[in-house]
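# Descriptive structure summary
Residues per chain, in single letters:
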Amino acid sequence: MAYSHNAPFRADVVGSYLRPAELKAAREDFAAGKIDAAALKAVEDKAITELVAKQKAAGLHVITDGEFRRGWWHFDFMWGFNGVDHAAAAHRVAFHDEVTPADTATVTGRISGENHPFVEHFKFVKQFEDENTVARQTMPSPAQTRFVLTGNAAAYPYDEFYKNDDELTADIVAAYRQVIADLYAAGCRNVQFDDCTWTRLCDASVRERLGWSDEDALRLQQENLDVINAVIADQPDDLVINTHVCRGNFHSTWLSSGGYAPVAAKLFGEENVDAYYLEFDDDRSGDFAPLAEVSGDKKVVLGLITSKKPDLEDPDTIKARIQEAAQYIPLDRLCLSTQCGFASTQEGNKLTEDQQWAKIALVQSIAKDVWGE
């Protein structure tokens, strides 16, 4: 029997964790052809089983597989669709001080969501649910998938399969809805959309580099909103769909800067998720004023504890920032987490596993002091 409450939780996490050395070695061996898929899965199963035990021991109410079966937070999910494949990226993504490996996702046929491997991945975690925990399935947002596939159209055209981007978008929506329906049938009640598309629109330097005018930015906001809400529409009442709005998280580096104000009206006012996991861990994040745009009874998880650095934040400073955020959205609709996961890619951030769990313990301690739960 699963926990009677659902996300977000007062003390929460985004979902990815540092990969243990044994798992990293197994993935390298598999890529080199030294072990087969069954051998890799055995190592993954063992690592995930141990991770779930650690999440429970840490007192978390949410359990994930740590994204241990993935190399990337987003591409592996996209590659799981029929009609999408792995390809070499025409350009590496430039993070602050580093660039990512040259991987991407491209359209190779009509896209559909049947038999997505993440459904089986979820079932493995679902077996560990108990009266204190809920299993979460994370995935890139529909807007993220659309952004990647349409962005690769020049290098990897798909006019053989789609007359226009509207047709492509319709199939992306249908594929997501198929995967979510299959997850729901497997017992999933907590889906999280991870999304870096909105924050690119908040950073003037990124917009300039990508050649986006003000009109382009407004159009892209609406396109993001439309594809996400089309996936969410008419989902079961007991399925919680939340979103993590990220500024990039690769090897402790970042992709974009800027507060949420330029997108707040659309993102916070009109996106039909249940809660937002937001990054507020440094000066790049802007202030809390955009939270006034959060509509209805939607909740906000304040990512005030950084997953990028090992140093522990001062609890009193974090508590003061929570109270500052509560000027814009009631305290009872706020929660606390790290600003992102600890390993959005298999490389992981620059801290140790012990430091990772110390961060989570800090989140737990502060949440208990603030909300008494």
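Residues numbered from 1 in each chain as written. Predicted model: local features only at pLDDT ≥ 70, side-chain atom pairs only at ≥ 80, totals over all residues. Heavy atoms only, no water.

Under an unreviewed UniProt entry, the name given to the protein is 5-methyltetrahydropteroyltriglutamate--homocyste ine methyltransferase, and the source organism is Bifidobacterium adolescentis.

### A few points about the environment of glutamine 55
Let me state the cut-off plainly: Helix numbering and strand numbering both begin at the N terminus, where a helix is a DSSP run of H or I of at least 4 residues and a strand a DSSP run of E of at least 2. Should any heavy atoms of two residues lie within 4.5 Å, those residues are considered in contact.
Along the chain, glutamine 55 turns up in helix α2 (residues 37-57). For glutamine 55 and cysteine 188, which are 133 residues apart along the polypeptide, the C-alpha to C-alpha distance reads 18 Å. Residue contacts for glutamine 55: discarding those within four places in its chain leaves Tyr17, Leu60, Val62, Ile63, Thr64 and Trp357.

### Some words on the side chain of serine 16
We apply this condition: N or O atoms closer than or at 3.5 Å make up a polar contact, with two conditions inside protein: a donor-capable atom paired with an acceptor-capable one, and, for residues adjacent in sequence, both atoms drawn from side chains.
Turning to its location among the elements, serine 16 is positioned in the segment before α1 (21-31). Polar contacts involving the side chain of serine 16 include one to the main-chain amide nitrogen of alanine 343, which spans 3.1 Å. Contact partners of serine 16, with chain neighbours within four places excluded, come to Gly66, Glu67, Gly341, Phe342, Ala343 and Ser344.

### As for the pattern of salt bridges
Test applied: In the sections that follow, a salt bridge refers to a side-chain nitrogen of Lys or Arg positioned within 4 Å of a carboxyl oxygen of Asp or Glu. Relative accessibility under 20% of the residue-type maximum defines a buried residue, over 50% an exposed one, and the middle range a partly exposed one, all with a 1.4 Å probe and only protein chains included.
Using the criterion set out here, one finds 22 salt bridges in the structure. Note that arginine 219 and glutamate 223 form a salt bridge whose closest N and O atoms lie 3.1 Å from each other. With arginine 219 and glutamate 223 both in helix α9 (residues 214-232) and four residues apart, the pair spans about one turn of that helix. Relative accessible area serves as the criterion here: at 40%, arginine 219 is assigned to the partly exposed category. As a salt-bridge pair, lysine 319 and aspartate 369 come within 2.9 Å of each other at their nearest N and O atoms. With lysine 319 in helix α11 (residues 315-325) and aspartate 369 in helix α12 (residues 353-371), this pair connects stretches of sequence that are 50 residues apart. Look at aspartate 369 and you get exposed, because its relative accessible area is 51%. Bridged by salt links that share partners, the residues Arg27, Lys41, Glu44, Asp45 and Arg69 form one connected network.

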